[in-house]
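Analysis of the macromolecular model
If you want the building blocks of each chain, they are given just below.
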Amino acid sequence: MLSTEHSKCNLRRQLRRMRQGLDAQTRARAATALGETLATLPILADTLHIATYLAADAEIDPSTGIDKLREQGKHIYLPVIQQDSSLCFAPWVKGEPLLPNQFGIGEPESGAALRSAREMDAILLPLVGWDGTGQRLGMGGGFYDRSLEKAQNVIKIGLAYDLQEVRSLPGEDWDVRLDYVLTESGLLALNAATG
Ligand SMILES: Nc1nc2c(c(=O)[nH]1)N(C=O)[C@@H](CNc1ccc(C(=O)N[C@@H](CCC(=O)O)C(=O)O)cc1)CN2
Ligand SMILES: Nc1ncnc2c1ncn2[C@@H]1O[C@H](COP(=O)(O)OP(=O)(O)OP(=O)(O)O)[C@@H](O)[C@H]1O
């Protein structure tokens with residue numbers, strides 16, 4: 001347990017440093033490529049409520065794809081950190097002010113109609129790392145793990161740069177697996193999604 005935490009912590013630091021090392025042009029190109037794929041994903045065709053995130057810490061930026069999904073009539077949500085360290089999702093209305101949370105990441109103002117993870121049709125998760133089995137590594141707060149416990153039927157798509165793939169991540173009881181990973185190179189269906 002202690003050694004798993006230790007190795008996850010080191011891995012997290014390494015992977016975050018790697019994505020922070022990408023130059024602005026590489027990041028922008030990756031975001032454009034990812035955005036184009038995101039806007040035309042067949043697996044999102046029958047979805048209406050889609051949760052995304054605001055890119056922070058050099059995360060791959062899904063915003064160009066999100067803008068197009070919004071134009072298609074999709075309802076777009078952002079995570080809002082709750083008292084119990086889980087996440088709820090609030091409608092992201094373009095142009096409405098956002099308030100920074102304790103990590104400096106914008107959230108729609110409280111009072112907005114919050115929905116649970118279970119009420120989303122698809123959730124786009126920011127990844128620090130992932131492996132070929134759909135195991136994910138996040139920022140380390142356990143926020144998504146706590147929130148997705150009761151959201152088995154929601155399509156879970158992790159977003160990352162190609163270079164964030166690792167051979168094998170240590171799994172823990174509470175870890176929630178991804179159905180897909182989307183990178184600048186395209187969509188990868190993982191074990192859970194292919195049956
Ligand atoms: N864009 C984005 N939004 C998100 C997440 C995320 O990973 N990315 N989260 C996914 O869970 C939640 C927030 N979780 C986070 C956890 C840690 C840190 C972070 O930067 N930690 C700093 C030090 C913490 C501090 O300042 O107290 C660090 O590790 O350097 C940020 C977000 C909800 N929103
Ligand atoms: N379902 C859960 N219930 C209670 N605590 C949890 C749950 N999931 C995770 N945690 C706690 O959160 C901590 C961080 O978990 P983990 O390292 O898996 O985070 P992460 O997946 O990297 O982060 P995030 O989910 O925010 O992206 C764990 O040490 C664990 O104590």
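Please refer to the structure placed before this passage.
Not measured: the values here are computed from a predicted model.

1. Overview of the sheet that holds strand β1 (residues 49-51)
Here 7 strands make up an open sheet; going across it, the order is β3-β2-β1-β6-β9-β10-β11 and the pairing mixed. The outermost strands of the open sheet, each flanked by one partner alone, are β3 (87-91) and β11 (186-189). The mean inter-strand angle of the sheet, taken between neighbouring strand axes irrespective of direction, is 30°. The pairing of strand β9 (residues 155-159) with strand β10 (residues 180-183) spans 3 bridges and is parallel. In the strand pairing of β10, Ile157 is matched with Tyr180. Each of β6 (122-126), β9 and β10 is contacted by helix α2 (residues 24-39), which is oriented at about 135° to β10, the strand it contacts most.

2. A look at the site of ligand 1
In the vicinity of ligand 1, the residues found are Arg16, Tyr53, Leu54, Glu59, Pro79, Leu87, Phe103, Ile105, Pro126, Met139, Phe143 and Tyr144. Within the side chain of Arg16, a nitrogen or oxygen atom sits 2.9 Å from an oxygen atom of ligand 1. Expressed as a share of its isolated accessible area of 680 Å², the protein-covered part of ligand 1 is 68%. Grouping the amino acids of the shell around ligand 1 by side-chain chemistry returns 10 nonpolar, no polar and 2 charged.

Rules and cut-offs
Residues numbered from 1 in each chain as written. Chains lettered and ligands numbered in written order. Predicted model: local features only at pLDDT ≥ 70, side-chain atom pairs only at ≥ 80, totals over all residues. Heavy atoms only, no water. Pairing = 2+ DSSP bridges. Helix = DSSP H or I, 4+ residues; strand = E, 2+ residues; numbered from the N terminus. Axes fitted to C-alpha atoms, helices over the stretch in contact; angles between N-to-C directions. Contact = heavy atoms within 4.5 Å. Near = heavy atom within 4 Å. Polar contact = N/O pair within 3.5 Å; in protein donor to acceptor, adjacent residues only side chain to side chain. Areas by Shrake-Rupley, 256 points an atom, 1.4 Å probe, with all protein chains shown as cover. Nonpolar A, V, L, I, M, F, W, Y, C, P; charged D, E, K, R; others polar.

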